[in-house]
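# Structural description and commentary
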Amino acid sequence: MIQLLFTVLAAEAAATAALLFKTPLRNLVVLGLDRLKRGRSTVMVKTLAATAVVVLASSIYSMAEIRLRFAELGDPTPTDQILMSRHLLEASLLGYSLFLALIIDRLHLYIRELHELRNSSMEAVMKQNRVTGKPKTGSS
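Please read these numbers as outputs of a predicted model, since none were measured by experiment.

## Details of the packing of helix 1 (residues 2-20) against helix 2 (residues 24-36)
One can describe the packing of helix 1 onto helix 2 by two numbers: an axis separation of 8 Å at closest approach and a directional angle of 115°. The way helix 1 lies across helix 2 gives a crossing that is left-handed. Taken together, the residues of helix 2 that come into contact with helix 1 (itself represented by Ala-15, Ala-18 and Leu-19) are Leu-25, Arg-26, Val-29, Val-30 and Leu-33. Of the residues contributing to the contact of helix 1 with helix 2, the split by class is 7 nonpolar, no polar and 1 charged.

What follows is the structure, given as structure tokens:
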């Protein structure tokens, strides 16, 4: 599962970087996110996020149990140390992944709003120019 989390984290980091900088890849990522947010896929994404939160909570609970065993026994056993480090890595990766998913969602929203704002203001300026503008004549 840790390899999968590293892959997801790398993909989310690449998508975030693509959204931050105005490149041709940004338009492709925005288009993909637009398609992803249509229909039933939003329910699927929310379900996956809820599942990740449950796994994160389970990992944190397991770390708390191991920490209690540390307190009872005094010295941690090598097995407990390995389990603790694995749960810590898993929880960290899940937390970073959920955070980057939130960042991607917000960046996508801001980019769409900015695009709509630019289009609407450009249309308003063009409409105002048509109303107040004089038709051009052949002679200058």
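## A look at the UniProt feature "transmembrane region" (unreviewed entry) in the protein
In the UniProt entry, the feature "transmembrane region" (unreviewed entry) is given for residues 41-61. In the segment residues 41-61, helix accounts for 100% and strand for 0%; the C-alpha atoms at its two ends are 30 Å apart.

## A look at the side chain of Arg-26
Within the element layout of this structure, Arg-26 appears in helix 2. Beyond its immediate stretch of four places on either side in the chain, Arg-26 contacts Ala-18, Leu-19, Phe-21 and Ile-111.

## A short note on the nonpolar core
The biggest cluster of nonpolar side chains holds 13 residues, and the ones touching the most others in it are Leu-93 and Leu-94. Of all the secondary-structure elements, those providing two or more residues to this core are helix 1, helix 3 (41-73) and helix 4 (78-132). For Leu-94, the contacting residues outside a window of four places in its chain are Met-1, Leu-5, Ala-52, Val-55 and Leu-56.

Quick notes on the rules
Residues numbered from 1 in each chain as written. Predicted model: local features only at pLDDT ≥ 70, side-chain atom pairs only at ≥ 80, totals over all residues. Heavy atoms only, no water. Axes fitted to C-alpha atoms, helices over the stretch in contact; angles between N-to-C directions. Helix = DSSP H or I, 4+ residues; strand = E, 2+ residues; numbered from the N terminus. Left-handed = near helix turned anticlockwise from the far one by under 90°. Contact = heavy atoms within 4.5 Å. Nonpolar A, V, L, I, M, F, W, Y, C, P; charged D, E, K, R; others polar. UniProt positions renumbered as here; feature names shortened; annotations may be inferred. Core = buried A, V, L, I, M, F, W, Y, C linked by side-chain atoms within 4.5 Å. Buried < 20%, exposed > 50% of the residue type's maximum accessible area, 1.4 Å probe, protein only.

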